[in-house]
Amino acid sequence: MIGAGKIKQYTNVLDKPLSKGKQEVSLSAFAFLFSELVQYNQTQVDNIAELERRLEDAGYAVGARVLELLCHRDKGNRRETRLLGILSFVHSTVWKVLFGKVADSLEKGTEHEDEYMISEKELLVNRFISIPKDMGTFNCGAFVAGIVRGVLDGAGFPAVVTAHFVPVEGQQRPRTTILIKFAEEVLQREARLG
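One structure accompanies this document, and this report is about it. (Residues numbered from 1 in each chain as written. Predicted model: local features only at pLDDT ≥ 70, side-chain atom pairs only at ≥ 80, totals over all residues. Heavy atoms only, no water.)

Turning to the side chain of Thr-177, a few remarks are in order. Residue position: Thr-177 is located in strand S4 (residues 175–182). Given the relative accessible area of 5%, Thr-177 is considered buried. In terms of polar contacts, Thr-177 uses its side chain to reach the side chain of Ser-119, at 3.3 Å. Excluding residues that lie within four positions of it along the chain, Thr-177 makes contacts with Met-117, Ile-118, Ser-119, Thr-162, Ala-163, His-164 and Val-166. (Helix = DSSP H or I, 4+ residues; strand = E, 2+ residues; numbered from the N terminus. Buried < 20%, exposed > 50% of the residue type's maximum accessible area, 1.4 Å probe, protein only. Polar contact = N/O pair within 3.5 Å; in protein donor to acceptor, adjacent residues only side chain to side chain. Contact = heavy atoms within 4.5 Å.)

Written out as structure tokens, the structure reads:
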């Protein structure tokens, strides 16, 4: 008999388990769509800072949705309440869902107590982008910084998140560092929780 086994029917797309179905997006399709996003926003702005802000805003919307999806599917609608817990969640779980691997490193800033850094040797959004000389320090990592900010804000950890290039000796391309500077209220709450 064909189809004699029990098949669980899902009424809501969010209820489907993560392990079912193909979870990858074609790299060439993503590169094309992201390129179009950058080109469109480039025609709408006058300077690099405004372009990076628009990419960050687009990433923020993605981050808010990724947090909702992962909390619903993986955590039974529970969210992290501790600083190191949410950083570990972003560094490992969110990064793995978005980029297929855990981020290269998560570090605490040495100069300021409220700064953390997620570093990636070759960030996917910067891999296929060639930056003209007249655009100087433009970093498409602003999109990923927006994703991280969206996840953190949605989880109740407001922060200023920026993307920076950091030169690495012996390598042609610099690594990208996502700098997270948490709001004072986050540090106060963390101190109260002990």
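Okay, back to it.
By the secondary structure assignment, His-164 is in strand S3 (residues 159–166). His-164 gets classed as partly exposed once you look at its relative accessible area, which sits at 36%. Among all residues touching His-164, those that are not within four sequence positions of it are Asn-139, Arg-175, Thr-176, Thr-177 and Leu-179. Within the structure, His-164 has its side chain in polar contact with the side chain of Thr-162 (distance 2.7 Å).

Of all hydrophobic cores here, the largest spans 41 residues; its most connected members are Trp-95, Leu-152, Ile-178, Ile-180 and Phe-182. Listing elements by their share of this core, those giving two or more residues are helix H1 (27–44), helix H2 (48–74), helix H3 (83–99), strand S2 (115–120), helix H5 (142–154), S3 and S4. For this core, the leading source of residues is H5, giving eight residues. Sequence-distant contacts of Trp-95, that is, excluding residues within four places in its chain, are made with Val-90, Gly-100, Lys-101, Val-102, Ala-103, Ile-118, Glu-120, Leu-123, Val-144, Val-148 and Ile-178. (Core = buried A, V, L, I, M, F, W, Y, C linked by side-chain atoms within 4.5 Å.)

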